[in-house]
Amino acid sequence: VLSCRKHSTYLNMISVLNVLLVALLAFASASIAAAERLPFTLGVRDSLMIAHSFHNHPSFGPAGGMHGATYTCDVEFSSANLVEGTNWVIDIGKASDILADVLSRYNLKNLDEVFPGGEMTTTEFMCKTIHDGIAQRIREDVGDFKGEIRVKLWESHKAWASFVGEV
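A brief look at the structure comes next.

With that settled, the discussion passes to the pattern of salt bridges. This model, assessed by the stated rule, comprises five salt bridges. Salt-bridge contacts for lysine 128 lead to aspartate 132; the nearest nitrogen and oxygen are separated by 2.8 Å. Taken together, the positions of lysine 128 and aspartate 132, both in helix α4 (residues 123-141) and four residues apart, correspond to about one turn of that helix. By relative accessible area, aspartate 132 is classed as partly exposed at 34%. We note a salt bridge from aspartate 141 to arginine 137, for which the minimum N-O separation is 2.7 Å. Here aspartate 141 pairs with arginine 137, and both are found in helix α4, just four residues apart, close to one helical turn. On the basis of relative accessible area, aspartate 141 is assigned to the partly exposed category, the value being 35%. The network of salt bridges with shared partners includes Asp101, Arg137 and Asp141.

Criteria and cut-off values
- Residues numbered from 1 in each chain as written.
- Predicted model: local features only at pLDDT ≥ 70, side-chain atom pairs only at ≥ 80, totals over all residues.
- Heavy atoms only, no water.
- Salt bridge = Lys/Arg side-chain N within 4 Å of Asp/Glu carboxyl O.
- Helix = DSSP H or I, 4+ residues; strand = E, 2+ residues; numbered from the N terminus.
- Buried < 20%, exposed > 50% of the residue type's maximum accessible area, 1.4 Å probe, protein only.

Here's what the structure looks like:
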């Protein structure tokens, strides 16, 4: 009987290990596939200071009223290949200039005035908005970038949001 229990316990342990192994392999495969798809990344960083409210919406508690925020904005440009002739993903100076230009639309401004339609200017909303501005400038000014752009806004060292999309 003791030997039978040990065998049963052993089989249960193998079953659990198999489930964990399958999950780990699935995660690793997805990570490897993403890296193989767009293995090259260039990142730039800037910051902005804004004021905004959430129009006293009760879901936001005290943050529903007017308050300020200082964001750190990280932007990653990812591509499957390097640009022929330069071996870069994108010109780092051009990427930095575009980021600074897009952020200048919001820096030191009240977002309630920039978006007068009552939009909830959450960090997630601003990630998408900044992404769209950068993507538009890339299409207009940088003909050789093909790939994805990820915008990450850090509210603090503990909290951030991001948006990723193709150009």
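After presenting the structure, the write-up continues.
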